[in-house]
Amino acid sequence: MSRFFSGVRPSRTRIESQYRYAIHLQRIGKHRISVEVLRDIARHDPGNPKIFNAMGIAYDNLRDYDKAVMAYN
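Numbers given to residues run from 1 along each chain, matching the order in which its sequence is written. Restriction of local features to residues with pLDDT of at least 70 applies here, the model being predicted, together with a cutoff of 80 or more for giving and counting side-chain atom pairs; totals for whole chains, interfaces and linings are based on all residues. Excluded from the side-chain calculations are hydrogens and water; all other atoms, namely the structure's heavy atoms, are used.

Colleague: Got a sec to walk through the nonpolar core? Specific residues and values, please.
Modeller: Buried residues of nine kinds, namely Ala, Val, Leu, Ile, Met, Phe, Trp, Tyr and Cys, make up a nonpolar core once their side-chain atoms join them within 4.5 Å. Exposure is judged per residue with a 1.4 Å probe applied to protein chains only, and the accessible area is read against the type maximum: over 50% gives exposed, under 20% gives buried, and values in between give partly exposed. In terms of nonpolar packing, the biggest core is built from 16 residues, with Tyr19, Leu38, Ile41, Ile51, Met55 and Tyr59 touching the most fellow members. Those residues in contact with tyrosine 59, other than ones at most four positions away along the chain, are Val35, Arg39, Asp64, Lys67, Ala68 and Ala71. By the convention used here, residues are in contact when the closest approach between their heavy atoms is within 4.5 Å.

See the structure below:
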């Protein structure tokens, strides 16, 4: 975790910080946790396409293709 925090610059918003954390989780193979974080972000920012794109990627990695398609749409 210390490596993660040293590599991430502080962001201006909580949503951006959570998004970066979710992307980090994907990089280390924690796709289920990443989806949980992204769902929380989507509740607060439902119009942000990069959140749903990241969620689709996580679902792809989990081989849950139906949910991936829904996230991409």
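Right, picking up where we left off after that structure.
Colleague: Account for the pattern of salt bridges, naming residues and giving values.
Modeller: Whenever Lys or Arg places a side-chain nitrogen within 4 Å of a carboxyl oxygen from Asp or Glu, that contact is recorded as a salt bridge. Within the structure shown, the criterion is met by five salt bridges. Here lysine 50 makes a salt bridge to glutamate 16, at a shortest N to O gap of 2.9 Å. In this pair, lysine 50 is assigned in helix α4 (residues 49-61) and glutamate 16 in helix α2 (residues 14-27), connecting sequence segments 34 residues apart. Taking the shortest distance from any N to any O, the salt bridge between lysine 67 and aspartate 64 comes out at 3.8 Å. For lysine 67, a relative accessible area of 38% gives the class partly exposed. Note on conventions: DSSP H or I runs of at least 4 residues are helices, E runs of at least 2 residues are strands, and numbering of each starts at the N terminus.

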